[in-house]
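Topology and contacts: notes
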Amino acid sequence: MHDQPATPAAPACPHAGGAPLPPPMPELFTWEFASDPYPAYAWMREHEPVRWTELPSGVGAWLVTRYGDAREALADQRLSKNPVHHDEPEHARGRTGIPGERSAGLMTHLLNIDPPDHTRLRRLVSKAFTPRRVAEFEPRVRELTDRLIDGFAAKGEADLIHDFAFPLPIYAICDLLGVPPEDQDDLRDWAGMMIRHGKGPRGGVARSVKKIRGYLAELIHRKRLDDGDDLISGLIRASDHGEHLTEEEVVAMCFVLLFAGFETTINLIGNGTFQLLTHPGERQRLQDSLAAGETGLLATGVEELLRYDGPVELATWRYATEPLVLGGQRVAAGDPVLVVLAAADRDPERFGAPDVLDLSRRDNQHLGYGHGIHYCVGAPLARLEGQTALARLLTRLPDLRLAADPSELRWRGGLIMRGLRTLPVEFTPEG
Ligand code: HEM
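Read on for a plain summary of the structure.

Parameters and conventions
Residues numbered from 1 in each chain as written. Predicted model: local features only at pLDDT ≥ 70, side-chain atom pairs only at ≥ 80, totals over all residues. Pairing = 2+ DSSP bridges. Helix = DSSP H or I, 4+ residues; strand = E, 2+ residues; numbered from the N terminus. Contact = placed C-beta atoms within 7 Å. Axes fitted to C-alpha atoms, helices over the stretch in contact; angles between N-to-C directions. Parallel < 35°, antiparallel > 145°, perpendicular 65-115°, else oblique. Nonpolar A, V, L, I, M, F, W, Y, C, P; charged D, E, K, R; others polar. Near = placed C-beta within 6 Å.

1. Structural notes on the pairing of strand E1 (residues 50–54)
Here five bridges tie E1 to strand E2 (residues 60–64), and the two strands are oriented antiparallel to one another. Looking at the pairing, Glu54 lines up with Gly60 of E2. Adjacent in sequence and paired antiparallel, E1 and E2 are bridged by five residues, among which Gly58 carries a positive phi angle near 95 degrees.

This is the structure in structure tokens:
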């Protein structure tokens, strides 16, 4: 197995001339940690940058916190995404942040496979999910965004997670996939069950996943008979050297697109808005630039929000296929490795003043969308949604403010994702 971390020695007596010990590491996985994990990550980066850690599920993993090591690990082909490389106890869940995938037979998707299968599926999805398709979707995202803001703009208050950040990505991806409008509320509710009940009885989650799987299989079957211009039809048609996605593969692909892009985008809008509302100087700069009709600060600003407080705190599980050395630490074959994107993106070795939110930051090669062959397929869509959501909110509700003390807000305690449960705001009602 892995090398256990060295047991800390007793505090050195200053009179004995011993080097002072580092301050104790802040406790992980507590309520305080969920609210602000950055001090614990700073400690790990400095003192134990590749650290064996027991997770709340009882499973251990190496947590990688330095930017250089993180990039290396994300690109290292000896770290597999396929869980067969780890004999994981039954109680360990949430490898991809997608609950219930195993019970619904949805394990064979991009985030759980390696080359050459990954290369083939990735090439096929790239043929259908093109930057052009996303660019053409811009007016629709704006329309959806405005429709959701219409729903609360006259009230003077809202919970921006429930009323805005939650419905926007699910409606957007449903539209893009080609889910008929009359079915979209069902998908929204099933998807909501999955993440809202993530900590509740597993049965509810598994039932929702099965419903979504069944629905997608049936929709894909219909689209095979009568295809259109949507993404599902594009996935069915996509071919590479005569190869197509099988029916099962189209279902798993739609599922991963739906879910990899769902909670992540909720959190981009939620965390991003929260950070703007608690950094009034930066928010004002952005508001002024939007009022002047500029979009440059919006584009760099959304990237900075991803770096500063991104939606994906830890990249998904990886498993060493052979013994290797990572950041000077020996990792044994079969050991799980988790790259802490949130820690890497605040590494002072890589970013100047990493704990400062600077919306105009230029040298900003953050890892919020990952790195290497699993780099986010949906990044162009996420950027479009994040930029549109923040721009429309700040333009339509210019005096938007938090309606609670920041310390009272509750963060979801999941391992992979970082996001708020609620974001109560108030503003002068529109109209
Ligand atoms: C702000 C929003 C988003 C963030 C921060 C984000 C972040 C990420 C990250 C960090 C990864 C790599 C995970 C790893 O290597 O372990 C990833 C992969 C992926 N993302 Fe996103 N994502 C976002 C939105 C989306 C959207 C909107 C979609 C699709 C509609 C999407 C689809 C995917 C897929 C399919 C993968 C797997 C790619 C592969 O394994 O080849 N994501 N994303």
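So that's the structure; there's more coming.
2. Considering the environment of Val377
Inspection of the secondary structure puts Val377 in the loop between helix H16 (341–344) and helix H17 (379–396). In this structure, the C-alpha to C-alpha distance between Val377 and Arg122, residues 255 residues apart in sequence, is 8.4 Å. Excluding residues that lie within four positions of it along the chain, Val377 makes contacts with Val125 and Phe129.

3. What about the packing of helix H13 (residues 263–277) against helix H15 (residues 296–309)?
Interhelical geometry of H13 versus H15 gives an angle of 95 degrees and a closest axis separation of 10 Å. Our classification of the angle between H13 and H15 gives roughly perpendicular. Side by side, H13 and H15 meet where Leu268, Asn271, Gly272 and Gln275 of the first sit next to Val302, Leu305, Leu306, Tyr308 and Asp309 of the second. Partitioned by chemical class, the residues of the contact of H13 with H15 number five nonpolar, three polar and one charged.

4. Some details on the site of the ligand
In the vicinity of the ligand there are 27 residues, among which Ala260, Gly261, Gly370, Cys376 and Gly378 approach most closely. Only helix H12 (247–260), H13 and H17 provide two or more residues apiece to the shell around the ligand. Among the residues making up the shell around the ligand, the classes are represented as 16 nonpolar, 10 polar and one charged.

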